[in-house]
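Chain by chain, the residues:
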Amino acid sequence: MNEYTYPILFGIVIGTALRVFMLRTDYRQYPTYLHGKIIHLSLGFIAAALGTIAIPSIMEKEFTAVTFLTLAASQFREVRNMERNTLTEMDAFELVPRGNTYIEGIAVAFESRNYLVIFSSFLVTLCYLAVNIWVAIAAAVLAFVLSNILMSGSKLSDIVSVEHSELSFEGAGLYVDNIYIMNIGLPERQEEIMKHGMGFVLTPKSFSIRSTIANLGQRQAILHDVSVTLGVFRDSGTPALVPLIKRDLNDGRIGVFILPQVKDPERAKEIISAVPVLENAIQMPTKKR
Amino acid sequence: MKMEKAILAAVTTQTDKVHGSAAVFQCETKEEMDAVAANLEAILDGIAHALSDHLYIIVKH
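All values reported here derive from a predicted model rather than from experimental measurement.

### Some details on the overall build of chain A
Scanning chain A for helices and strands turns up ten helices and seven strands. Taking the principal axes of the C-alpha coordinates as reference, chain A spans close to 80 × 40 × 30 Å. Across the 289 residues that make up chain A, the buried fraction comes to 47%. Summarising the internal contacts of chain A: among those between residues at least 6 apart in sequence, 77% fall at separations of at least 24. Accessible surface, chain A: about 14600 Å² in total, of which carbon and sulfur atoms supply 60%. Positive and negative charge centroids in chain A, built from 26 and 27 side chains respectively, lie 5 Å apart.

As structure tokens, then:
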């Protein structure tokens, strides 16, 4: 026991608790089970320890110890790779795949959460050693609040308005509103689609948003989220029953055609509105600097 | 081998309209054409697209 024991313990506990707080299991399905969680909690603990010991090292004039942080950075980049690889492997077996953009978004989130843990542990230990425990507790609370803000990106409902729209056939062409989706030849298939299918139109709220929702990865994410939550009326080997999103080239609106197992337009609308806007899909064509 | 965007077969009641390397299935009636196309769709993992009332193509996407 020395003067650094409690500050280090405090920093590690806060950092690990923060990682627990940021570890969400929801419809995105990962990490779902115990093992996935253990991996992330262990890495969170390591991140907390690395962030914490930087301060006592500096105080002991052991400046080289700080270079350990670079080691941490390369480790957590590895986390991103691990997530990307696992999810890409699994994606091949999904009826409606997530798509690479969504996977990359999840991988980035996992990496950045470890950095948030490092910064928070660094901060609370610094406050503990430089001032006192009360300031450190205040810093910890601040870290939790900030993490909560940084963790939540925007939702689709922030950038588009979602409206339910009837499906229709013109000959063999399937339409959502006036947006052409695909050619379905067999009358039998057309009946199935009219019975189980639902259509939605997403209208962008501003010009910049057009290119964001036109992104193929963002569109795939919408289909995946709806299919995961409402189920999907298809099986392998039924390519005619694939949910699709097509774009109106004139005004940038997006027509969503889905085949859920539970046909509930209100619920589907809620789900589409809550789809995260993928970081990698965001474009800002009107922003100059 | 992974095939993308290929016409796997054509199902028609008017054979004179279709030529080329894809398998062409000639049918007598619209009902027969529907049945053959539905079967081919399932067997080939493709989608039956209607080009006209007399012609379906089975396409792999």
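### Observations regarding helix H5 (residues 133-151) of chain A
Residues and elements named next belong to chain A. Look at H5: 26 Å from first C-alpha to last across 19 residues, which is about the 27 Å you get at 1.5 Å a residue. Turning to H5, its buried residues are Ala136, Ala139, Ala140, Ala143, Ser147 and Met151. Viewed end-on, H5 has its buried residues packed into an arc of 105°, placing them on one side of the element. Facing away from the buried side of H5, by more than 90 degrees, are the exposed residues Trp134 and Ile149. Structurally, H5 contributes buried residues whose contacts are with helix H1 (5-22) and helix H4 (100-130). The N-capping residue of H5, defined by a side-chain oxygen 3.1 Å from the backbone nitrogen of Trp134, is Asn132.

### Remarks on the packing of helix H8 (residues 207-214) of chain A against helix H9 (residues 216-230) of chain A
Residues and elements named next belong to chain A. At a minimum axis separation of 5 Å, H8 and H9 run at an interaxial angle of 70°. By the criterion of interaxial angle, the relationship of H8 to H9 is roughly perpendicular. Together, Thr212, Ile213 and Ala214 of H8 and Leu216, Gln218 and Arg219 of H9 make up the contact between the two elements. A breakdown of the residues in the contact of H8 with H9 according to their chemical character gives three nonpolar, two polar and one charged.

### Concerning the sheet that holds strand S5 (residues 198-204) of chain A
Residue and element names in this part refer to chain A. Read from one edge of the open sheet, four strands run S1-S5-S7-S6, paired in antiparallel fashion. Two strands in the sheet have a free side with no partner beyond their single neighbour: strand S1 (160-165) and strand S6 (244-247). Across this sheet, the average inter-strand angle for adjacent strands is 20°, counted without regard to direction. Sheet analysis places S5 next to strand S7 (residues 254-258), joined by five bridges and oriented antiparallel. Counterpart to Met198 in the pairing with S7 is Ile258. Sheet strands in contact with H8 are S1, S5, S6 and S7, and its direction is about 140° off that of S5. Packing of helix H10 (residues 265-274) onto the sheet brings it into contact with S1, S5 and S7, and relative to S5 it is tilted by some 35°.

### A few points about the nonpolar core
Residues and elements named next belong to chain A. One finds Leu156, Phe200 and Leu202 to be the most contacted residues of the largest nonpolar core, which totals 24 residues. Those elements that provide at least two residues to this core are helix H6 (156-159), S1, S5, H8, H9, S7 and H10. Formed by 22 residues, the second largest nonpolar core is a distinct cluster that contains Met22, Leu23, Ile103 and Leu278.

### Remarks on the domain arrangement of chain A
All names here are of chain A. For chain A, the assigned domains read domain 1 (4-152) and domain 2 (157-281). Computed from C-alpha atoms alone, the centre-to-centre distance between domain 1 and domain 2 is 36 Å. Listed as interface residues are 13 residues of domain 1 and, on the opposing side, 21 residues of domain 2. Here domain 1 meets domain 2 over a buried area of about 1400 Å², counting both sides, of which 65% is carbon and sulfur. Taken together, the connections running from domain 1 to domain 2 amount to zero salt bridges. Where domain 1 touches domain 2, the interface holds four residue pairs in polar contact (both at pLDDT 80 or more). Its residues assigned to classes, the side of domain 1 that touches domain 2 comprises six nonpolar, three polar and four charged.

### Structural notes on the interface of chain A and chain B
Opposite the twelve residues of chain A that make contact, chain B presents twelve residues. Contact between chain A and chain B buries roughly 920 Å² in total, counting both sides, with carbon and sulfur atoms accounting for 59%. Three residues, Asn183(A), Leu186(A) and Pro239(A), lead the burial of chain A against chain B; their summed loss comes to 48% of the area buried on that side. At the junction of chain A with chain B, the criterion picks out one salt bridge.

### Side note on the pattern of salt bridges
Residues and elements named next belong to chain A. Summed over all chains, the structure comprises eleven salt bridges over all chains. The partner of Arg80 in a salt bridge is Glu104, and the shortest N-O contact between them spans 3.6 Å. In this pair, Arg80 sits in helix H3 (residues 68-91) while Glu104 sits in helix H4, placing the two residues 24 residues apart along the sequence. On the accessibility criterion, Arg80 (26% relative accessible area) is partly exposed. Connected through shared salt-bridge partners, Arg80, Arg84, Glu104 and Glu111 make up one network.

### A closer look at the packing of aromatic side chains
Aromatic rings in a pair are described by how distant their centres are and how their planes are angled relative to each other. This model, assessed by the stated rule, comprises four aromatic pairs over all chains. Relative to Tyr180(A), the ring of Tyr175(A) has its centre 5.5 Å away and its plane inclined at 70°; by these criteria the two rings are edge-to-face.

### Looking at the UniProt feature "transmembrane region" (unreviewed entry) in chain A
Residue and element names in this part refer to chain A. With numbering aligned to this structure, UniProt lists the feature "transmembrane region" (unreviewed entry) at residues 6-26, 38-59 and 115-146. Here residues 38-59 is 100% helix and 0% strand, with 33 Å between the C-alpha atoms at its ends. Split by type, residues 115-146 is 94% helix and 0% strand. Its first and last C-alpha atoms lie 13 Å apart.

The rules behind these values
- Residues numbered from 1 in each chain as written.
- Chains lettered and ligands numbered in written order.
- Predicted model: local features only at pLDDT ≥ 70, side-chain atom pairs only at ≥ 80, totals over all residues.
- Heavy atoms only, no water.
- Helix = DSSP H or I, 4+ residues; strand = E, 2+ residues; numbered from the N terminus.
- Buried < 20%, exposed > 50% of the residue type's maximum accessible area, 1.4 Å probe, protein only.
- Contact = heavy atoms within 4.5 Å.
- Areas by Shrake-Rupley, 256 points an atom, 1.4 Å probe, with all protein chains shown as cover.
- Lys, Arg positive; Asp, Glu negative; His and termini not counted.
- Charge placed at Lys NZ, Arg CZ, Asp CG, Glu CD.
- Expected span 1.5 Å × (residues − 1).
- Arc of directions from axis to C-beta.
- Polar contact = N/O pair within 3.5 Å; in protein donor to acceptor, adjacent residues only side chain to side chain.
- Axes fitted to C-alpha atoms, helices over the stretch in contact; angles between N-to-C directions.
- Parallel < 35°, antiparallel > 145°, perpendicular 65-115°, else oblique.
- Nonpolar A, V, L, I, M, F, W, Y, C, P; charged D, E, K, R; others polar.
- Pairing = 2+ DSSP bridges.
- Core = buried A, V, L, I, M, F, W, Y, C linked by side-chain atoms within 4.5 Å.
- Domains from an automatic or database assignment.
- Buried area = accessible area lost by both parts, 1.4 Å probe.
- Salt bridge = Lys/Arg side-chain N within 4 Å of Asp/Glu carboxyl O.
- Phe/Tyr/Trp six-rings, centres within 6.5 Å; stacked < 30°, edge-to-face > 60°.
- UniProt positions renumbered as here; feature names shortened; annotations may be inferred.

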